[in-house]
Amino acid sequence: MELSKNFEHQASEEKWYSYWNERKYFNSTPDEREPYTIVIPPPNVTGVLHMGHCLNNTIQDVLVRRARMQGKNACWVPGTDHASIATEAKVVQMLREKGIQKASLSRDEFLGYAWEWKEKYGGIILQQLKKMGCSLDWDRTSFTMDPDYYQSVINVFVDLYNKGYLYRGKRMINWDVKAKTALSDEEVIRKETQQKLYHLRYKIDGLDEHIIIATVRPETIMGDTAICVHPKDERYAHLHGKFAFVPLINRRIPIITDDYVTMDFGTGALKVTPAHDMNDYQLGQKHNLEVVDIFNEDGTLNADAQILIGEDRFEARKKIIPMLEEAGSLVKTEDYTSEVGYSERTDVVVEPRLSLQWWVDMKKIAGPALDVVMNDDVKFYPAKFKNLYRHWMENIKDWCISRQLWWGHRIPAWYDAEGNYVVAVSHEEALKQYETKFGKSIAQLSQDEDCLDTWFSSWLWPFEVFKGYSNPGNADVQYYYPTNTLVTAPEIIFFWVARMIMAGMEYQKEIPFKEVYFTGIVRDKQGRKMSKSLGNSPDLLELIDKYGADACRFGILISSPAGNDLLWDESSNEQGRNFNNKLWNALKLVKMWEARTTDNSQQTTAESSFAVEWFGNRLNEAKAEIDQLFKEFRLSEALKTIYSLIWDDFCSWYLEWVKPGFEQPIDAEVYAKTVAYFEELMQLLHPFMPFITEEIYHALKERAAGDDLTIKQYAALETADAAVLHLATQLKEVITALRDVRVKNQIKSKDPIKLSIETADVDSYKRIALILQKQVNAESVDYVTAAVAGTISTVVQKDKFYIATEQAIDTSSQKEQLLKDLDYLKGFLNSVEKKLGNERFVQNAKPEVVEVERKKKADAEAKIKAIEESLASL
RNA sequence: GGAAGCAUAGCUCAGUUGGUUCAGAGCAUCUGCCUUACAAGCAGAGGGUCCGCGGUUCGAGCCCGUGUGCUUCCA
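Residues numbered from 1 in each chain as written. Chains lettered and ligands numbered in written order. Predicted model: local features only at pLDDT ≥ 70, side-chain atom pairs only at ≥ 80, totals over all residues. Heavy atoms only, no water.

- An unreviewed UniProt entry annotates chain A as Valine--tRNA ligase originating from Lacibacter cauensis.
- Its UniProt record, at the heading Sequence similarities (unreviewed entry), says of chain A: "Belongs to the class-I aminoacyl-tRNA synthetase family. ValS type 1 subfamily."
- Chain A has a UniProt comment under Function (unreviewed entry) that states "Catalyzes the attachment of valine to tRNA(Val). As ValRS can inadvertently accommodate and process structurally similar amino acids such as threonine, to avoid such errors, it has a 'posttransfer' editing activity that hydrolyzes mischarged Thr-tRNA(Val) in a tRNA-dependent manner." (UniProt positions renumbered as here; feature names shortened; annotations may be inferred.)

Right, here's the structure in full:
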C-alpha cells in the first residue's frame, strides 16, 4: 500500500466514523460487564458547537473511549434540552421574517411552528459532535420534550406540589420586558453601565424645607412610598417621623429610618420604591410600606404613574427630567457608573418586578444534596468547588420555575374564574379534584398559561434518559444509574449539578453520578471569555476542516489544566497537526522496513536488543503514569505524557536506535516488536485522537474483521525494570553530551570520531555500546583507565569520555564548561556538607533523608574528582 | 459591601501530606543542519530574587501571617 505524503484527515474522519457507527461500537445494552455511563449535559437545542463544547465533549469522549477499551460497558447518552427562552426567541424571529406576529397566533398554532423549527434546525449540534468523533450511543438520543419525558416533568410538578414543596407567591423577580418573562438571577448579566445620578428635591410637609435624594431612576418617583435615612445621620435627625411630597404628583410619603442606608452615598437619603427595586421591596416589607406598581409588563408606565402614562421607561426618564427641572425639583446631575442587570437572552435592562410565580421551596428539597457532596459520595474534581457548592447550598434561595412562554412544559395548574386553582396532570383530573376541594362541580377550568423553566426538566436528565421516572425500575435505569461522571463547566454548578443531585435523591433515592469533573472556561489569548457578542469564538467546524478533528481535540486538551480556565490559541491546533504529521512519518518509516525484514541479521539484533528491551519497559512505566493521571482526572497531563512518549522516546530515541543503515535489512523480530509497540502507542493515544490512531492501526498490518482499535482492550499493566530504564537514561545522557561536544567543537555530524570511555562499569557500557557508537557516529569505541592525550574530554556522571578527531582541538570551550560544572558541584557539595554538619538536622530528620544526603555528598565528590582529573589532562 | 481563587522562564502552566541534582514541561527564542520518515523537521543551547515583607522549622516554591496585584462569584 502506498502511503500519502501526509495524513489526510478529511477522508479518514468520514471513513472511520461511519465504520464505527455501522458496527454499532458506540451502542450499549446492559450485560454482565461493569457499566461506565456518562449522560451528556444536554446542550441547548438551538445551539451550535463552540470551543466550550469542544472541550467538554472531548473530555467526555476521552473518558468513554478509555472505559470502553478497559473492558467496561461504556454508554454515553446524547440529547438536547428544549431551551424555552432561546428556542422561543428563534421561532418568534422566524415568524417575524415570514411576517407573522406571535400575538396573532393561538398557543397551538405557535407550538406547531415551534416543532417545525425544532425538527428542521434543532439539534444541529448533535451532528457536529459526530464531526468531532464523539462516541455517543445515538440510539439513545433524548430530548427534554419527548412524550414520556414531558409527562414525567408534569408528574414531578404535581408530585412536588402534593408534597407541599411548591408554592405560588408574589415576589420580586427579574423581569425581561422584551421577552415578557421572568428570569432567574443566573440569566441576568451584570454590566458596568454609564449612568446619571439625579439629585431631586422633595418638599417636607409642614416645614419650609426640602430633603434631597439621589437616584438613577427618576422615572420611578411616582412609585415612591417612603424616604429612608440612616437613624444616626445628624443631618436628617430633625426629619424623623415627618412626611415629604413626591415631586410632580405630590403624593405624601413618610420619612423612615433604617441602618440599611449608606450615609456617605449620594445625599444619604434614599427614595424607597418597593414595586421596582429588590432592596426597596425588602425595606418596604420591613416597614409595612404601600406598594405602588407604575409599570406595565412591557416596561411602559401605567395609570398608577399618574403622569407619562403609556411611555416606555427610558423615554419616561428622558421626559421627566425637564418636567422636574421646570418644577424646581432637580438640584443637580452627576455622572455615575454602576452595574446594571441585562437579560442574557434579549440584552434589555432587567426590570425588577412584582409578579405571581410558581416557586420551589428549596429548603425542603436541598438537604440531602448538600450532604452527599460534602461526604464525597459525589466527588468533585477539582475538590475546591466543594466550597462554592456548600456556600450556595447553605444560602439557597427559592427557585422561580414559571416562565411566561409557550415553548416548554405547560404548568399543570388549573384555575376557575375567581382564581381558585388545583394542580393535576390533566383537565379531567383537575375537574375531579376541583369538586373534592371546593365542593362544587365546574364544567371548565383554564390551564396556567406559563410553562416551566427549562432546568425544571433537565434536572431529571440523569435518570429520565433511561426512563427511570416514567418507567421506574426498568432494566436500563437499574444498570446505568447512578451514572459515573458528569463533565460540565463550573458556571453550571447550580443549574445542573446541584439540581440534578436534588432530583436524583428525591426520585431515585440515589446520587445521579459518582464524580463531577469541572472543566475550565475557554478564554481567548487575552483572557476574555469566548462569546458570540465579542466575536472571539472561532468556528469550530472550520477549524476541524483545516486541522482535522484529532488536531482540534489535541489542541484544546493540551492547553487545559485540570479545573483551570484555559487561554486558547489557534497555535495549539498547529501543535496537534504537527503531531499528526509526526505519527504519519513514523508510520512511513516503519512501513519502509516492512519489505526488508530478514531472519538472520546478527548485526541488527545485537544492536537493537537493548533498544527493544528498553522500550518495552519504558512503555510499562508510562502506562502506569498515565493510569494514575486518569485516576486524578489530569487528562491534559496524561496527553502530554503520551505525546512525549511517542515523540521523544519512540520517534527520537527508539526508532533511531533500531533503524537499519541505508537500504539495510531489519531483523524480523525487531520489526515485529516495533509494530507491536507502535500499536500499543496508538491504543494509548486513541481516546484522545481516535481517527489517526485507527487509521495507523489498520495501516500497520492487515486486520481480521472486528479487529479495530476502538474496541481493542488494553492489556494488564506490567511492572517496568528500573535497572534497564536507568541504563537507558544514562545512554541518552551520554549521547546528548557527546553531541554537545560536536556542536561546541564544530565537528560535523558526518565526520566520524574515535571514542574512549573511562568507567568503573565497563559491563554496562558493553550493553549499549553499539547504539552509542551509531548515535554519535563513532568509528570505534574502546575502554581506557587513564586520560587519552590529544583528545577532547567530557564528563557524564562519574564517567569520562575522550573524543579523538582529525580536527584541530580548541580546549577553551570544554574547559569553560568543565569549570562551570565544577563550580556548581562545589557549591552543591558545600550546601550538602553544611546540612550534614548541622547536628539538629542529623538528629531531627528522618534517617532515610539523612542517608540520601550522604549519598548526594559521595556522588558529588566522585563527580568533582572526575572533572578535576579531566581538567588536569587538558 | 460579602466570599473565594490565583501570583513559578518571554507566554501558558506542572510542581501530589515540607527533604533525592528542585527550580521543571510545552510553546516561543538563539545556534548549527535540506543527515533518504518527518523543515509541520533534526541536533544542541540560553533563559527564573518561585510577587514583596515577616514568621514556623535542622530545612520553605510548598505551611502560617501580612502587604500588593489580578480574576471570579454573590450583593
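### What about the overall build of chain A?
Then step 1. From N to C terminus, chain A includes 27 helices and 31 strands.
Then step 2. Whereas a compact globule of 874 residues would reach a radius of gyration of roughly 29 Å, chain A reaches 37 Å, over 25% beyond that.
Then step 3. In terms of its C-alpha atoms, chain A occupies a principal-axis envelope of roughly 115 × 70 × 55 Å.
Then step 4. Within chain A, the fraction of its 874 residues that count as buried is 53%.
Then step 5. In chain A, once contacts between residues fewer than 6 apart in sequence are set aside, the share between residues at least 24 apart is 77%.
Then step 6. For chain A, the exposed surface amounts to about 39,700 Å²; the carbon and sulfur share of it is 49%. (Helix = DSSP H or I, 4+ residues; strand = E, 2+ residues; numbered from the N terminus. Rg over C-alpha atoms; globule rule 2.2 N^0.38 Å. Buried < 20%, exposed > 50% of the residue type's maximum accessible area, 1.4 Å probe, protein only. Contact = heavy atoms within 4.5 Å. Areas by Shrake-Rupley, 256 points an atom, 1.4 Å probe, with all protein chains shown as cover.)

### Looking at the packing of helix α1 (residues 9-22) against helix α16 (residues 540-547)
Then step 1. Taken N-terminus to C-terminus, the directions of α1 and α16 make an angle of 110°; their axes are 8 Å apart at the nearest point. Taken as axis vectors, α1 and α16 run roughly perpendicular relative to one another. Packed against α1, whose contacting residues are H9, Q10 and E13, the element α16 presents I544, D545, K546 and Y547 at the interface.
Then step 2. Of the residues contributing to the contact of α1 with α16, the split by class is two nonpolar, two polar and three charged. (Axes fitted to C-alpha atoms, helices over the stretch in contact; angles between N-to-C directions. Parallel < 35°, antiparallel > 145°, perpendicular 65-115°, else oblique. Nonpolar A, V, L, I, M, F, W, Y, C, P; charged D, E, K, R; others polar.)

### Details of the sheet that holds strand β15 (residues 379-381)
The strands making up a sheet associate through backbone hydrogen bonding, with each pair oriented either parallel or antiparallel.
Then step 1. Strand order in the open sheet made by the three strands is β15-β23-β22, with parallel pairing throughout. Because the sheet does not close on itself, it has two edges, and the strands there are β15 and β22 (483-488). Adjacent strand axes in the sheet meet at a mean angle of 20° when their direction is disregarded.
Then step 2. Where β22 meets strand β23 (residues 513-518), five bridges bridge the pair, whose relative direction is parallel. Looking at β23, one finds that T483 is bridged to F513.
Then step 3. Packed onto the sheet, helix α15 (residues 493-507) meets β15, β22 and β23 and runs at close to 170° relative to β23. (Pairing = 2+ DSSP bridges.)

### Digging into unusual backbone geometry
Then step 1. Geometrically, the link from Y381 to P382 is a cis peptide bond, its omega value of -5° lying close to zero.
Then step 2. Here the residue pair Y481 and P482 is connected by a cis peptide bond, since its omega of -5° sits within 30 degrees of zero.
Then step 3. Within the fold, P482 resides in the loop between α14 (475-480) and β22.
Then step 4. Residue L248 is not a glycine yet carries a positive backbone phi of 70°.
Then step 5. Mapped onto the elements of the fold, L248 is located in the loop between β10 (243-245) and β11 (252-257).
Then step 6. A positive phi is found at F633, a non-glycine position, where the angle reads about 60°.
Then step 7. Here F633 shows up in the loop between α19 (602-631) and α20 (635-658).

### Digging into the sheet that holds strand β20 (residues 446-447)
Then step 1. As summarised here, the arrangement of the three strands in space is β19-β18-β20, forming an open sheet in which the pairing is antiparallel. What marks the edges here is a single partner per strand, and that holds for β19 (421-423) and β20.
Then step 2. In this sheet, β19 lies alongside strand β18 (residues 413-415) in antiparallel orientation, the contact comprising three bridges. By the bridge assignment for β19, A413 is matched with V423.
Then step 3. Packed on one face of the sheet, helix α11 (residues 427-438) meets β18 and β19 and runs near 125° to β19.

### Some remarks on the pairing of strand β28 (residues 753-758)
Then step 1. A large share of β28 lies buried, amounting to five of its six residues.
Then step 2. Pairing of β28 with strand β29 (residues 778-783), which is carried by five bridges, proceeds in the parallel orientation. Bridging across to β29, L755 finds its partner in V781.
Then step 3. Considered for its hand, the β-α-β crossover made up of β28, helix α24 (residues 762-775) and β29 is right-handed.
Then step 4. As paired strands, β28 and strand β31 (residues 799-804) are joined by five bridges and run antiparallel to one another. Within β31, the position partnered with K754 by the bridge is A804. (Right-handed = clockwise from strand over helix to strand, strands pointing away.)

### What to know about the domain arrangement of chain A
Then step 1. Domain boundaries in chain A define domain 1 (181-352), domain 2 (594-720) and domain 3 (749-873).
Then step 2. Taking the mean C-alpha position of each, domain 1 and domain 2 sit 72 Å from one another. (Domains from an automatic or database assignment.)

### Some points on the pattern of salt bridges
Then step 1. Taken as a whole and assessed by the stated rule, the structure comprises 52 salt bridges.
Then step 2. The residue K163 makes a salt bridge to D159 at a minimum N-O spacing of 2.8 Å.
Then step 3. Accessibility expressed as a relative area gives 36% for K163, which makes it partly exposed.
Then step 4. By relative accessible area, which is 23% here, D159 ends up partly exposed.
Then step 5. E315 is the salt-bridge partner of K318, the closest N and O atoms lying 3.5 Å from each other. With a gap of three residues between them, K318 and E315 both fall in helix α8 (residues 313-326), about one helical turn apart.
Then step 6. Note on K318: relative accessible area 59%, which makes it exposed.
Then step 7. A relative accessible area of 31% places E315 in the partly exposed class.
Then step 8. Look at the salt bridges and you will find they share partners, linking R217, E219, R313, R317 and E351 into a network. (Salt bridge = Lys/Arg side-chain N within 4 Å of Asp/Glu carboxyl O.)

### Quick word on the environment of E574
Then step 1. Mapped onto the elements of the fold, E574 is located in helix α18 (residues 571-594).
Then step 2. Separated by 164 residues in sequence, E574 and L738 place their C-alpha atoms 32 Å apart.

### So, empty space enclosed by the protein
Then step 1. The tally for this structure, following the rule as stated, stands at one cavity of 30 Å³ or more.
Then step 2. By volume, the largest cavity amounts to about 40 Å³.
Then step 3. Lining the largest cavity, in full, are K623, E680, Q683, L684, Y714 and A715.
Then step 4. The element best represented in the lining of the largest cavity is helix α21 (residues 668-685), accounting for three residues.
Then step 5. The class makeup of the residues in the lining of the largest cavity is three nonpolar, one polar and two charged. (1 Å grid on protein atoms, 1.4 Å probe; cavity = no way out; pocket = protein on both sides within 12 Å on 5 of 7 lines; lining within 4 Å. Points joined across faces, edges and corners; volume = space filled by probe spheres on them.)

### Section: the side chain of S343
Then step 1. By the element assignment, S343 lies in strand β13 (residues 330-343).
Then step 2. You can call S343 buried: its relative accessible area is 1%.
Then step 3. Looking at S343, its side chain comes within polar contact range of the side chain of D176, at 2.8 Å. (Polar contact = N/O pair within 3.5 Å; in protein donor to acceptor, adjacent residues only side chain to side chain.)

### Here's the deal with the pairing of β22
Then step 1. Judged by how many residues are buried, β22 sits mostly within the fold: six of six residues are covered.
Then step 2. Running through α15, the crossover from β22 to the neighbouring parallel element β23 is right-handed.

### Digging into the nonpolar core
Then step 1. Core analysis: the biggest nonpolar cluster contains 191 residues, and F456 and M502 have the highest contact counts within it.
Then step 2. Here the element with the most residues in this core is α20; it accounts for 14 residues.
Then step 3. Counting contributing residues, this core receives three or more from each of domain 2 (594-720) and domain 3 (749-873).
Then step 4. Excluding anything up to four places from it in sequence, F456 contacts V153, V156, F157, L160, V360, W399 and I401. (Core = buried A, V, L, I, M, F, W, Y, C linked by side-chain atoms within 4.5 Å.)

### A few points about the packing of aromatic side chains
Then step 1. Under the definition given, this model contains 49 aromatic pairs.
Then step 2. Between W115 and F143, the aromatic rings sit 6.1 Å apart at their centres with planes inclined by 75°, giving edge-to-face as the arrangement. With a gap of 28 residues between them, W115 in helix α4 (residues 107-121) and F143 in strand β4 (residues 142-143) connect regions that are remote in the sequence.
Then step 3. Accessibility expressed as a relative area gives 31% for W115, which makes it partly exposed.
Then step 4. Ring centres of Y434 and F438 lie 4.7 Å apart, and the angle between their planes is 45°; on these two criteria the pair is classed as tilted. Of the two residues, Y434 and F438 both sit in helix α11, four residues apart, roughly one turn of that helix.
Then step 5. On the basis of relative accessible area, F438 is assigned to the partly exposed category, the value being 30%.
Then step 6. An aromatic cluster of three or more residues is present, and its members are F157, Y161, W358, W399, Y415, Y421, F456 and W459.
Then step 7. The residue whose ring lies beneath R65 is W20, and the NZ or CZ to ring-centre distance is 4.6 Å. (Phe/Tyr/Trp six-rings, centres within 6.5 Å; stacked < 30°, edge-to-face > 60°. Lys NZ or Arg CZ within 6 Å of the ring centre and 35° of its normal.)

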